[in-house]
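Spelled out from the first residue to the last, the chains are:
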Amino acid sequence: MASCRWPWRRCCSWRPAAGSPGPPGRAGLPGPPSAADASAQMSYFNLVKSLTSAFPNRFHHSTSAACCHSRTQSGEQYSDPFKLGWRDLNGLYEDIRKELLISTTELKEMSEYYFDGKGKAFRPIIVVLMARACNIHHNNSRDVQASQRSIALIAEMIHTASLVHDDVIDDASSRRGKHTVNKIWGEKKAVLAGDLILSAASIALARIGNTTVISILTQVIEDLVRGEFLQLGSKENETERFAHYLEKTFKKTASLIANSCKAVSVLGCPDPVVHEIAYQYGKNVGIAFQLIDDVLDFTSCSDQMGKPTSADLKLGLATGPVLFACQQFPEMNAMIMRRFSLPGDVDRARQYVLQSDGVQQTTYLAQRYCHEAVREISKLRPSPERDALIQLSEIVLTREK
Ligand code: GRG
């Protein structure tokens, strides 16, 4: 079995001190990002900016008492979401390898390469916890259906196929502390290995035989492609730039989590209100997950991440920490526009980010998304799995890899 635990930083999330003004309305958080949400995203951007500049001393590292709960909301003893989730995921990677029924030795080796237990399995964990939380909410059922467990496998397969393709696009050399598929076998074969994993995921999805679920998860594939495409472009206007960043973040990362959560809710419960809760939880946690990923690219080291850091700047990408830093250091604008392509740009941009509070503001934004996720999932009937999902949103904020 793969490791049940992530290394995570306990209690180091940033937040305004109690009593400081919160965002207006629905926490000022964007719904599913779309062009129409651009102004909402920007007002949130301005809000975070004004909060952090108006109350610079009121942002602090919270104490352990403030953010670590020994008991969950349903009164159950605290339990590790990963331990709880893995109870339904025993044999996850063996089962995925069975889906990849390939006779050609090389193709088999390539497509199985990442199903070695070295990933965090964040998506399968969320999926099985959400399945149980919805089943209990619906009819107090204590079982995970076979079709719901299949969604956990399919989510990890789609994720892995996208990693393989992403590494080709980025010409990446390492991932999870090992060489990428493209570095070992070359780009052409890597593209085909990604395709093969995706096709095996599609066959497993078709086997479930639920057209609603098929359509929910195929939307993810479109979003992944559109998200990657959005990343290839850039925006001159600062307002559009932030909206563009959040839309890309939703499509590249959050859509898979949101729609996998929705798929298991559809399989477990007929109530559309529950489907929306599952989707909203996954969407908000997914966006927070990517925002923290973007922070870690500045704050973590390569050994910890298993891949090079400052990678986004080297790829010409302006993520949350850069966009916030640019508010403080407008001279970064020119660098963003030329995608950090001049000698010294990457180092200088990194220094600007580290001197600014871009990292803290991005972390704070991630925290707001997690609060929204918790608000959504708290609408379900109490259960250990619902509480593990609440706990998981804290882990997303404090993870170190
Ligand atoms: C349709 C298969 C397909 C792909 C085409 C290339 C592409 C479009 C999309 C790329 C999507 C992508 C790789 C997004 C990054 C998401 C992300 C945060 C990855 C890291 O996830 P972790 O930290 O990784 O969960 P581990 O290694 O733990 O699994």
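Residues numbered from 1 in each chain as written. Predicted model: local features only at pLDDT ≥ 70, side-chain atom pairs only at ≥ 80, totals over all residues. Heavy atoms only, no water.

## Here's the deal with the overall build of the chain
So, step 1. Tallying secondary structure elements over the chain gives 19 helices and 4 strands in all.
So, step 2. Of all 401 residues assigned to the chain, the portion counted as buried reaches 56%.
So, step 3. Once local pairs closer than 6 in sequence are excluded, the contacts in the chain between residues at least 24 apart make up 77%.
So, step 4. Counting every atom, the chain has about 16300 Å² of accessible surface; 53% of that belongs to carbon and sulfur. (Helix = DSSP H or I, 4+ residues; strand = E, 2+ residues; numbered from the N terminus. Buried < 20%, exposed > 50% of the residue type's maximum accessible area, 1.4 Å probe, protein only. Contact = heavy atoms within 4.5 Å. Areas by Shrake-Rupley, 256 points an atom, 1.4 Å probe, with all protein chains shown as cover.)

## A few points about the nonpolar core
A general trend in soluble globular proteins is that nonpolar side chains are found buried together.
So, step 1. Counting residues in hydrophobic clusters, the biggest one holds 108 residues, and the most contacted among them are Ile126, Met130, Tyr281, Met332, Leu389 and Leu392.
So, step 2. Setting aside chain neighbours within four positions, we find Leu392 in contact with Pro81, Phe82, Phe122, Ile125, Ile126, Leu129 and Tyr281. (Core = buried A, V, L, I, M, F, W, Y, C linked by side-chain atoms within 4.5 Å.)

## Some details on the site of the ligand
So, step 1. Contacts to the ligand come from 20 residues, most closely from Lys120, Arg123, His159, Arg176 and Gln290.
So, step 2. The contact in question runs from an oxygen atom of the ligand to an N or O atom on the side chain of Arg123, over 2.7 Å.
So, step 3. Side-chain polar atom of Arg176 to an oxygen atom of the ligand: 2.7 Å apart, as the coordinates give it.
So, step 4. About the coverage of the ligand: the protein hides 92% of its 750 Å² of free accessible area.
So, step 5. Put simply, the parts of the chain that give the shell around the ligand at least two residues each are α7 (146-170), α10 (211-232), α11 (238-268) and α12 (272-299).
So, step 6. It is α7 that contributes the most residues to the shell around the ligand, 7 residues altogether.
So, step 7. In the shell around the ligand, the residues fall into 7 nonpolar, 6 polar and 7 charged. (Near = heavy atom within 4 Å. Polar contact = N/O pair within 3.5 Å; in protein donor to acceptor, adjacent residues only side chain to side chain. Nonpolar A, V, L, I, M, F, W, Y, C, P; charged D, E, K, R; others polar.)

## Some details on the pattern of salt bridges
When their charged atoms lie close together, side chains carrying opposite charge are able to pair.
So, step 1. What the rule picks out here adds up to 21 salt bridges.
So, step 2. Measuring nitrogen to oxygen at the nearest pair gives 2.9 Å for the salt bridge that ties Glu99 to Arg207. In this pair, Glu99 is assigned in helix α4 (residues 92-99) and Arg207 in helix α9 (residues 187-208), connecting sequence segments 108 residues apart.
So, step 3. According to the relative accessible area criterion, Arg207 is exposed, its value standing at 55%.
So, step 4. A cluster of three or more residues bridged by salt bridges with shared partners is formed by Glu372, Arg375, Glu376 and Lys379. (Salt bridge = Lys/Arg side-chain N within 4 Å of Asp/Glu carboxyl O.)

## Some details on the packing of α9 against α10
So, step 1. For the pair α9 and α10, interaxial distance at closest approach is 10 Å and the crossing angle is 160 degrees. The angle between α9 and α10 falls in the class roughly antiparallel. The handedness of the crossing between α9 and α10 is right-handed. Between α9 and α10, the residues in contact are Leu198, Leu205 and Ala206 and Val213, Ile214, Leu217 and Ile221, respectively. (Axes fitted to C-alpha atoms, helices over the stretch in contact; angles between N-to-C directions. Parallel < 35°, antiparallel > 145°, perpendicular 65-115°, else oblique. Left-handed = near helix turned anticlockwise from the far one by under 90°.)

## Considering the packing of α7 against α11
So, step 1. For the pair α7 and α11, interaxial distance at closest approach is 9 Å and the crossing angle is 165 degrees. The angle between α7 and α11 places the two elements in the roughly antiparallel class. For α7 against α11, the interelement crossing comes out right-handed. Here Ser147, Gln148, Ile151, Ala155, Ile158, His159 and Asp166 of α7 lie close against α11, whose contacting residues are Lys252, Leu256, Ser260, Ala263, Val264, Leu267 and Gly268.

## Brief notes about the packing of aromatic side chains
So, step 1. The tally for this structure, following the rule as stated, stands at 7 aromatic pairs.
So, step 2. Ring geometry for Trp86 and Tyr93: centres 6.4 Å apart, planes at 45 degrees, overall tilted.
So, step 3. With a relative accessible area of 3%, Trp86 lands in the buried category.
So, step 4. What makes Tyr93 buried here is its relative accessible area of 7%.
So, step 5. Counting every residue linked through ring pairs, the aromatic cluster contains Tyr113, Tyr114 and Trp185. (Phe/Tyr/Trp six-rings, centres within 6.5 Å; stacked < 30°, edge-to-face > 60°.)

## Side note on α10
In an α-helix, one full turn covers 3.6 residues, which means residues spaced three or four apart are oriented alike.
So, step 1. Taking 1.5 Å as the rise per residue, α10 with 22 residues should run 32 Å; its terminal C-alpha atoms sit 32 Å apart, in good agreement.
So, step 2. Taken as a whole, α10 has its buried residues at Val213, Ile216, Leu217, Val220, Asp223, Leu224, Gly227, Glu228 and Gln231. Here the buried residues of α10 occupy an arc of 125 degrees about the axis, which is enough to place them on one side. Pointing more than 90 degrees away from the buried face of α10 are the exposed residues Thr211, Val225, Phe229 and Leu232.
So, step 3. Check the buried side of α10 and you find it contacts α7, α9 and α11.
So, step 4. Near the N-terminus of α10, the side chain that reaches the backbone nitrogen of Thr212, with its oxygen 3.0 Å away, is that of Asn210. (Expected span 1.5 Å × (residues − 1). Arc of directions from axis to C-beta.)

## So, the environment of Tyr93
So, step 1. Mapped onto the secondary structure, Tyr93 falls in helix α4.
So, step 2. Sequence spacing of Tyr93 and Glu112 is 19 residues, and the spatial spacing of their C-alpha atoms is 9.0 Å.

## A few points about the confidence of the model for the chain
So, step 1. Of all residues in the chain, 80% have pLDDT values of 70 or greater, and the mean over the chain is 84.
So, step 2. Here residues 1-6 is a poorly scored stretch, pLDDT under 50, and it has 19 contacts once near neighbours within four places are set aside; other chains count. (pLDDT = per-residue confidence, 0-100.)

## A closer look at unusual backbone geometry
So, step 1. With a phi angle near 55 degrees, Ala121 is a residue other than glycine that sits in the positive phi range.
So, step 2. Relative to the assigned elements, Ala121 resides in the loop between α5 (105-112) and α6 (122-139).
So, step 3. The class for Ala121 is buried, based on a relative accessible area of 2%.

## Observations regarding the environment of Phe324
So, step 1. Secondary-structure assignment places Phe324 in helix α15 (residues 320-328).
So, step 2. Separated by 35 residues in the primary sequence, Phe324 and Val359 place their C-alpha atoms 8.1 Å from one another.

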